[in-house]
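The residues making up each chain are set out below.
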There are 2 protein chains.
Amino acid sequence: MARQPTHPSSPRPGSVTLEDIAAHAGVSRSTVSLVLRESPLVAERTRDNVRASIKTLGYVYNRGAAALRSSRTHTLGVVVYDIANPFFGAMVAGIDAALHRENYVSFLANSEDSPQRQLRFLERMREHRVDGILLCPSEGTDPALIATLSDWNLPCVQVLRHVGEPPFDYAGTDFEQGVRLAVDHLVARGHRQIAFIGGEAEHSATLARWRGYFAAIADHGLAPRHLRTALTRRAGFEAIQTLMAEPTPPSAVVCHNDLMAFGAMLGLKRLGLTPGVDCAVVGTDDVEEAALSDPPLTSVATHPYAIGEEAARLALRRIADPDGAREQVILSPRLQVRESSDAAERHQDPATTSKASAQHARRLTTP
Amino acid sequence: MARQPTHPSSPRPGSVTLEDIAAHAGVSRSTVSLVLRESPLVAERTRDNVRASIKTLGYVYNRGAAALRSSRTHTLGVVVYDIANPFFGAMVAGIDAALHRENYVSFLANSEDSPQRQLRFLERMREHRVDGILLCPSEGTDPALIATLSDWNLPCVQVLRHVGEPPFDYAGTDFEQGVRLAVDHLVARGHRQIAFIGGEAEHSATLARWRGYFAAIADHGLAPRHLRTALTRRAGFEAIQTLMAEPTPPSAVVCHNDLMAFGAMLGLKRLGLTPGVDCAVVGTDDVEEAALSDPPLTSVATHPYAIGEEAARLALRRIADPDGAREQVILSPRLQVRESSDAAERHQDPATTSKASAQHARRLTTP
DNA sequence: CCTACGATTTAGATCAATCCAAAAGCGTTC
DNA sequence: GAACGCTTTTGGATTGATCTAAATCGTAGG
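To start, this report covers the structure provided alongside it. (Residues numbered from 1 in each chain as written. Chains lettered and ligands numbered in written order. Predicted model: local features only at pLDDT ≥ 70, side-chain atom pairs only at ≥ 80, totals over all residues. Heavy atoms only, no water.)

**A short note on the overall build of chain A**
Alright, step 1. Across its full length, chain A holds 12 helices and 13 strands.
Alright, step 2. Put simply, chain A has 367 residues, and 55% of those count as buried.
Alright, step 3. By sequence separation, contacts in chain A at least 24 residues apart represent 71% of the contacts at least 6 residues apart.
Alright, step 4. When the accessible area of chain A is evaluated, it comes to approximately 15,500 Å², of which 51% is carbon and sulfur surface. (Helix = DSSP H or I, 4+ residues; strand = E, 2+ residues; numbered from the N terminus. Buried < 20%, exposed > 50% of the residue type's maximum accessible area, 1.4 Å probe, protein only. Contact = heavy atoms within 4.5 Å. Areas by Shrake-Rupley, 256 points an atom, 1.4 Å probe, with all protein chains shown as cover.)

**A few points about the pairing of strand 9 (residues 280–285) of chain B**
Residues and elements named next belong to chain B.
Alright, step 1. Most of strand 9 sits out of view: six of its six residues are buried.
Alright, step 2. By the bridge criterion, three bridges tie strand 8 (residues 252–255) to strand 9 in an arrangement that is parallel. Following the sheet pairing, A252 is matched in strand 9 by A280.
Alright, step 3. Viewed along the sheet, the connection from strand 8 through helix 11 (residues 258–270) into strand 9 turns out right-handed. (Pairing = 2+ DSSP bridges. Right-handed = clockwise from strand over helix to strand, strands pointing away.)

**Points about the sheet that holds strand 8 of chain B**
Residue and element names in this part refer to chain B.
Alright, step 1. Reading across the sheet, the six strands line up as 7-6-8-9-10-12 and stay open at both edges, with mixed pairing between neighbours. Here the strands that pair on one side only, and so sit at the sheet edges, are strand 7 (225–227) and strand 12 (334–336). The average angle at which neighbouring strand axes cross in this sheet is 20 degrees, direction not considered.
Alright, step 2. For strand 6 (residues 194–197) and strand 7, the ladder comprises three bridges, and the chain directions are parallel. Bridge pairing links A195 to R225 in strand 7. (Axes fitted to C-alpha atoms, helices over the stretch in contact; angles between N-to-C directions.)

**Some details on the side chain of B:H100**
Alright, step 1. With respect to the secondary-structure elements, B:H100 resides in helix 5 (residues 86–101).
Alright, step 2. Relative accessible area serves as the criterion here: at 11%, B:H100 is assigned to the buried category.
Alright, step 3. There is a polar contact of 3.1 Å between the side chain of B:H100 and the side chain of A:R120.
Alright, step 4. Not counting the four nearest positions on each side in its chain, B:H100 is found in contact with A:R117, A:R120 and A:R124. (Polar contact = N/O pair within 3.5 Å; in protein donor to acceptor, adjacent residues only side chain to side chain.)

**Some thoughts on the sheet that holds strand 12 (residues 334–336) of chain A**
Residue and element names in this part refer to chain A.
Alright, step 1. In space, the six strands of this open sheet follow the order 7-6-8-9-10-12, with mixed pairing throughout. Two strands bound the open sheet, and with one partner strand each, they are strand 7 (225–227) and strand 12. Between one strand axis and the next, the sheet turns through 20 degrees on average, direction left out of account.
Alright, step 2. Across four bridges, the pairing between strand 9 (residues 280–285) and strand 10 (residues 298–301) is parallel. Paired with D285 across the strands is A301, a residue of strand 10.
Alright, step 3. Relative to strand 8 (residues 252–255), helix 8 (residues 175–188) is tilted by about 165 degrees, and along the sheet it contacts strand 6 (194–197), strand 8, strand 9, strand 10 and strand 12.

**What to know about the protein's contact with DNA strand C**
Alright, step 1. In the region of DNA strand C, 26 residues are neighbours, and A:T31, A:T46, B:S33, B:Y59 and B:R69 sit closest.
Alright, step 2. Of all DNA strand C atoms lying within 4 Å of any protein atom, the proportion belonging to sugar or phosphate reaches 68%.
Alright, step 3. Separating a base nitrogen of DNA strand C from a side-chain N or O atom of A:R29 is a distance of 3.1 Å.
Alright, step 4. Here a phosphate oxygen of DNA strand C sits 2.7 Å away from a polar atom, N or O, in the side chain of B:R37.
Alright, step 5. Breaking the surface near DNA strand C down by element, the ones donating at least two residues are helix 2 (29–36) and helix 4 (63–70) of chain A together with helix 2 (29–36) and helix 4 (63–70) of chain B. (Near = heavy atom within 4 Å.)

**Focus: the nonpolar core**
Alright, step 1. Of all hydrophobic cores here, the largest spans 68 residues; its most connected members are A:V80, A:L134, A:L160, B:L134 and B:L160.
Alright, step 2. Beyond its immediate sequence surroundings of up to four residues, A:V80 is in contact with A:F88, A:M91, A:V92, A:L108, A:A109, A:N110, A:S111, A:E112 and A:C136. (Core = buried A, V, L, I, M, F, W, Y, C linked by side-chain atoms within 4.5 Å.)

**Some thoughts on the protein's contact with DNA strand D**
Alright, step 1. As a matter of local geometry, DNA strand D sits amid 26 residues, with A:L18, A:S33, A:Y59, B:S30 and B:T46 nearest to it.
Alright, step 2. Each atom of DNA strand D within 4 Å of the protein was classed as base or backbone; sugar and phosphate made up 67%.
Alright, step 3. One nitrogen or oxygen atom from the side chain of A:Y61 is found 3.1 Å from a phosphate oxygen belonging to DNA strand D.
Alright, step 4. Contacts to DNA strand D include B:T31, whose side-chain N or O atom sits 2.7 Å from a phosphate oxygen.
Alright, step 5. Only helix 2 and helix 4 of chain A together with helix 2 and helix 4 of chain B provide two or more residues apiece to the surface near DNA strand D.
Alright, step 6. Ranked by residues supplied to the surface near DNA strand D, first place goes to helix 4 of chain A with five residues.
Alright, step 7. For the surface near DNA strand D, the class distribution of residues is 12 nonpolar, nine polar and five charged. (Nonpolar A, V, L, I, M, F, W, Y, C, P; charged D, E, K, R; others polar.)

In structure tokens form, the structure reads like this:
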């Protein structure tokens, strides 16, 4: 109601078209279109006139119509498998920030780790003609999916996990290296019985952690103790109690993620033990809560926000150059040592949080 | 490459159109369109033929083109101010689930609590011609925004927070009632010095908590003690230490959210006090972590997933009937009592989580 | 005076669907 | 065999942008 367009035949507000602008400014539709797309072909005087008409008529660009002709929607599909997990929340925030800067906008779907849901969403994305996909493949994703997307002509960047054979575009963290850092740290603190809990599933991200664990343990000439569990707080709570009841209980545990580590620390307390004194605990992710737990948790920082940003950047690059060399961006994890693995550590300010250090990124290019 | 469309002039795979299907099935474009939209006007034989052609040619529906003509995109814009917060993660999951069922898909934006970013996103949504908006208004949102959206002909459902004057569509929780429940519970346990921490900002959601707190305290003839702080874990950690250093320290605190409550419990431990024994702590939200903290946290459950679902349903209803009566769906909170407010409670299984009880919803309709 | 030139601007086709009014098909009945 | 009523089907217009090749314009060179 505020500003009715002056053109009389427009039925509801918001349906002013290029045609209307053209008539008002005394030029052709084409010229208005060029102005909207900041083309250098248009004379400055004309451009100003057109801009003025656009303003007075309250025109709104119709991206749908533009996409029909240009087959570019400025739209991306993002699939994660658990948006309620703060790690993915941070990642999505990073994606959002990077896309926002480039005037892109993203569809989000939560696959709930169901390949069927994931596929349905991807099909829908195809109908909406998104320019590309950011995919955290759900559990049990058919590796052929990536080839299918490629058949569909849909650029796809995998994030955090990956399936199928390289080369593909991928952004994630070097989890193998992360677990190695954790084990090395614990060995340096004198631990010899170092267990690993987590990882019943078989993604790349889980496998990488295993590799890191077994390799590091072997390097130090120690005996591995690996317990497969779910990846929840609850699972950590139970797993630690199982381990501590064994004939040779571990003196330290490395956990698949921070949630499990918190669970493990609670489990230790339930047993009357003190985390960091009776048994060291190391997590993975370094979520905000890690600095403020009791005791503060040593954790391998995996920079979800930075991963999100990198993934988005990668996708935009692939859209601009569909046949360019595939790229893998792998951020280096960083170990944040706190009291849960080092009771001797000074009692610091509780919120010494780590900043994402994206400059540690390693870039691989597969031609 | 898998299945090349038989139509020779199509440049890349995936660009099979209605025209191609029509030619292949020996009918007109219009008929194919009717089949796609499950129109009862088409004879069964014809429908089957067309379906077969669609399959063999590998046709993909182009929603962009359809939207151009029908001005319905089957698309929604969702704005939250902190997607990294697990509460919003759960809410978005609820929204996603509800929309998925109705073949809708949603754009997500993280406003980072900036009205400018929020507005930019909303403008972009308008360009994409979304059918509606789900909005958690960012801090400092101009109340006129809701009227502007209405001018734009964009149905908008506010979620969790709201600005502007009713009537509008809204889905949220009765925070006032929630805080009341918490205070009543504490009084019943014999507490007389009950403080409230949190809420320096001025949203509806914060104001409602205040109202609940002051009203309940007054009802019981007690003296209020309210500390305004930020809404972070860190803030809770500091606030409790401030309060406990006062001449009459509280015997119980109610916190704006669970994050702050966790911080407060940590702060008590830092002072050598035991949460639940030396000072009771109650949070709000009942996040998953609450059941597994040390001690388990009493919390007012606010059902984010259910709120998300209700909000999405509301939006779809409004799209179908733009001039219908505005609705407010307000879920009733439920108090989940655990040891942090009741040290005498039996040591239960740590993960007795609450199920969202959406049947407690109260529906208001403003004509 | 005519043409060529670079810089702008434009008409008309095109993109892939929906909408609408009109036509076609078809079995009855007069 | 024409008229009728009913279900199906169909051209052609429409939606709002982009793309392409051609038109316009003022000026300078031959």
